Amino acid sequence: MGPALLSPNEVAVLADTSNSVVEKALEQKVLRAQGGRAPGRRLLPLHAIALAATVKSLGRRLTVNDKKLVARKLATLSPAALKTAEIEVAPAVVLHVGTLVREAVERAERYIRYRDDFIERVEGLMGGRPVIKGTRVTVSAIHDRLTGGDTLACLTEDYPDIPVEAFEAAFVYAK
């Protein structure tokens, strides 16, 4: 199995930034999507979260060329190395990327594991909408309940056989 890939929306949610940051990085060719141009088919690697979190933290202080340099260097790093990375963008200018992105990368690693363990699309089940595996509970229903004021505790009380991590993954997936 290859590296985990994420949609641009998943990258934005996990980096805790706006979709426009990720879309702009794609538009400027700072990030390169895999899987074609169809909106549902653009997929990004884990290091895209590190880049998006860095851009969010530093904002306009990075030029497009700086972003491309950071993206190239991030692409060569393992997930563990992303959490401690330091990247020199100019003589005597070093970004402590790991400090900026550690939490986002850890959140993404957990999400990817839970997404793969708990979320599925089954043709003919709930109209092909994503559900929690082995159930008819859609990720959109979980999202709606959590944004409507329910808590994870309420959900685990209503669905005691579903782990809380499944609800967490469903919420992010639905966003």
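Shown above is the structure to which this text applies.
Rules behind the numbers
Residues numbered from 1 in each chain as written. Predicted model: local features only at pLDDT ≥ 70, side-chain atom pairs only at ≥ 80, totals over all residues. Heavy atoms only, no water. Salt bridge = Lys/Arg side-chain N within 4 Å of Asp/Glu carboxyl O. Helix = DSSP H or I, 4+ residues; strand = E, 2+ residues; numbered from the N terminus. Buried < 20%, exposed > 50% of the residue type's maximum accessible area, 1.4 Å probe, protein only. Core = buried A, V, L, I, M, F, W, Y, C linked by side-chain atoms within 4.5 Å. Contact = heavy atoms within 4.5 Å. Axes fitted to C-alpha atoms, helices over the stretch in contact; angles between N-to-C directions. Parallel < 35°, antiparallel > 145°, perpendicular 65-115°, else oblique. Nonpolar A, V, L, I, M, F, W, Y, C, P; charged D, E, K, R; others polar. Phe/Tyr/Trp six-rings, centres within 6.5 Å; stacked < 30°, edge-to-face > 60°. Lys NZ or Arg CZ within 6 Å of the ring centre and 35° of its normal.

Examining the pattern of salt bridges
Tallied over the full model, the rule gives seven salt bridges. Between E23 and R42 there is a salt bridge, with its nearest N and O atoms 2.7 Å apart. Of the two residues, E23 is situated in helix α2 (residues 19–27) and R42 in the loop between α2 and β2 (44–45); the sequence distance between them amounts to 19 residues. Of the residues examined, E23 reaches a relative accessible area of 30% and is grouped as partly exposed.

Considering the nonpolar core
Counting residues in hydrophobic clusters, the biggest one holds 52 residues, and the most contacted among them are V11, I49, L51, L74, I132 and I142. Among the secondary structure elements, those contributing two or more residues to this core are α1 (8–14), α2, α3 (47–58), α4 (64–75), β3 (87–90), α6 (97–118), α7 (139–147) and α9 (164–174). Considering each element in turn, this core owes the most residues, nine residues, to α6. Apart from the residues lying within four places of it in its own chain, the contact partners of L51 are V30, L31, K67, V70, A71 and L74.

As for the packing of α6 against α9
As a packed pair, α6 and α9 sit with axes 9 Å apart at the nearest point and diverge in direction by 100°. On the basis of the axis angle, α6 is roughly perpendicular to α9. Facing α6, whose interface residues are Y111, Y114, R115 and F118, α9 presents E165, A166, E168, A169, V172 and Y173. Of the residues contributing to the contact of α6 with α9, the split by class is seven nonpolar, no polar and three charged.

Topic: unusual backbone geometry
The backbone of K29 sits at a positive phi, close to 60°, despite the residue not being glycine. Turning to its location among the elements, K29 is positioned in the loop between α2 and β2.

Digging into the packing of aromatic side chains
A complete count under the given rule lists two aromatic pairs for this structure. Summarising the aromatic geometry, the rings of Y159 and F167 are spaced 6.2 Å apart at their centres and angled 50° between planes, so their arrangement reads as tilted. The side chain of R113 reaches across the aromatic face of Y114, ending 5.2 Å from its centre.

A look at α9
Helical geometry: 3.6 residues make up each α-helical turn, so side chains three or four residues apart lie on a common side. Within α9, the full set of buried residues consists of A166, F167, A169, A170 and V172. Those residues of α9 hidden inside the fold are in contact with α1, α6, β5 (119–120), β6 (131–132), α7 and α8 (152–158).

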